[in-house]
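Fold and geometry: a report
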Amino acid sequence: MLLLLLGIIVLHVTVLVLLFVSTIVSQWLVNGGQTADLWQNCSSGTIFQCLTSSTNEWLQSVQAMMILSIIFSVLSLFLFFCQLFTLTKGGRFYITGIFQILAGLCVMSGAAIFTVRHTDWHQASENTSYGFAYILAWLAFPLALASGIVYVILRKRE
């Protein structure tokens, strides 16, 4: 049982790290020497320069979804530890699972909106590709969903 709890905590912390990195790092779109993310556009040449990102409504919704996913996941981890010590024997971790599933749905919504609307922000070219932070956001989605489902199925034992 201790090994199972350790595995669940490691999975949850992995999801949290993926969410933090994908939200903070400036690598959602890469085009040669230019990178763009949810917060700023950077260009590296002779002078490294970063400008604030656009104020498009869709970009603000992506920012909100990513921040909400982090909040839900942190709250889910906190609730898991609280329920671990207060839940009665045989009880399920429903609240923890629901918040983790919400985190997964938020990151999926944010990445999907970015996928559909990024061409409104940066014109697509042959050199434009998705960066690793964008891929980490999509990777965090199934892991958060799986973690939430495991929490819902999990029963507390002594």
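Summed over the entire model, instances satisfying the criterion amount to ten aromatic pairs. Between Trp58 and Phe114 the ring centres are 6.0 Å apart and the planes differ by 55°, which places this aromatic pair in the tilted class. Here Trp58 is found in helix α2 (residues 57–86), whereas its partner Phe114 is found in helix α3 (residues 94–121), with 56 residues between them in sequence. When sorted by exposure, Trp58 lands in the same class as Phe114, which is buried. On the basis of an interplanar angle of 45° and a centroid distance of 5.9 Å, the ring pair of Phe114 and Tyr134 is categorised as tilted. You can see Phe114 sitting in helix α3 and its partner Tyr134 sitting in helix α4 (residues 132–153), a full 20 residues away along the chain. An aromatic cluster of three or more residues is present, and its members are Trp28, Trp58, Phe114, Tyr130 and Tyr134.

Following the sequence through the fold, Thr23 ends up in helix α1 (residues 2–24). Residue class for Thr23 comes out buried when judged on its relative accessible area of 4%. Only 2.7 Å separates the side chain of Thr23 from the backbone oxygen of Leu19, close enough to count as a polar contact. Excluding anything up to four places from it in sequence, Thr23 contacts Leu38, Trp39, Met66 and Ile70.

What follows concerns the packing of α1 against α2. Angle between the axes and distance between the axes: these two values describe a pair of packed helices. Taken N-terminus to C-terminus, the directions of α1 and α2 make an angle of 160°; their axes are 9 Å apart at the nearest point. When the interaxial angle is binned, α1 and α2 end up roughly antiparallel. The hand of the α1/α2 crossing is left-handed. Along its contact with α1, which presents Leu5, Ile9, His12, Val15, Leu16, Leu19, Phe20, Ser22 and Thr23, the element α2 presents Met66, Ser69, Ile70, Ser73, Val74, Ser76, Leu77, Phe80, Phe81 and Leu84.

Attention now goes to the side chain of His12. Position of His12 among the secondary structure elements: in helix α1. In terms of polar contacts, His12 uses its side chain to reach the backbone carbonyl oxygen of Ser73, at 2.9 Å. Look past the residues within four positions of His12 in its chain and what remains in contact with it is Ser73, Ser76, Leu77, Gln100, Ser147 and Tyr151.

Counted at 1.5 Å a residue, the expected span for α4 with its 22 residues is 32 Å, and the 32 Å between its end C-alpha atoms agrees. For α4, the complete set of buried residues consists of Ala133, Tyr134, Leu136, Ala137, Ala140, Phe141, Ala144, Ser147, Gly148 and Tyr151.

In terms of nonpolar packing, the biggest core is built from 21 residues, with Leu19, Trp28, Leu38, Val62, Met66, Val107 and Phe114 touching the most fellow members. Elements with a minimum of two residues in this core: α1, α2, α3 and α4. Tallying contributions element by element places α4 first for this core, with seven residues. Non-local contacts of Leu19, meaning those with residues more than four positions away in its chain, are made with Ser69, Ile70, Ser73, Val107 and Ala140. Judged by nonpolar contacts, the second largest core, of eight residues, contains Leu84, Phe93, Tyr151 and Leu154.

Here is what the cut-offs are and how they apply
Residues numbered from 1 in each chain as written. Predicted model: local features only at pLDDT ≥ 70, side-chain atom pairs only at ≥ 80, totals over all residues. Heavy atoms only, no water. Phe/Tyr/Trp six-rings, centres within 6.5 Å; stacked < 30°, edge-to-face > 60°. Helix = DSSP H or I, 4+ residues; strand = E, 2+ residues; numbered from the N terminus. Buried < 20%, exposed > 50% of the residue type's maximum accessible area, 1.4 Å probe, protein only. Polar contact = N/O pair within 3.5 Å; in protein donor to acceptor, adjacent residues only side chain to side chain. Contact = heavy atoms within 4.5 Å. Axes fitted to C-alpha atoms, helices over the stretch in contact; angles between N-to-C directions. Parallel < 35°, antiparallel > 145°, perpendicular 65-115°, else oblique. Left-handed = near helix turned anticlockwise from the far one by under 90°. Expected span 1.5 Å × (residues − 1). Core = buried A, V, L, I, M, F, W, Y, C linked by side-chain atoms within 4.5 Å.

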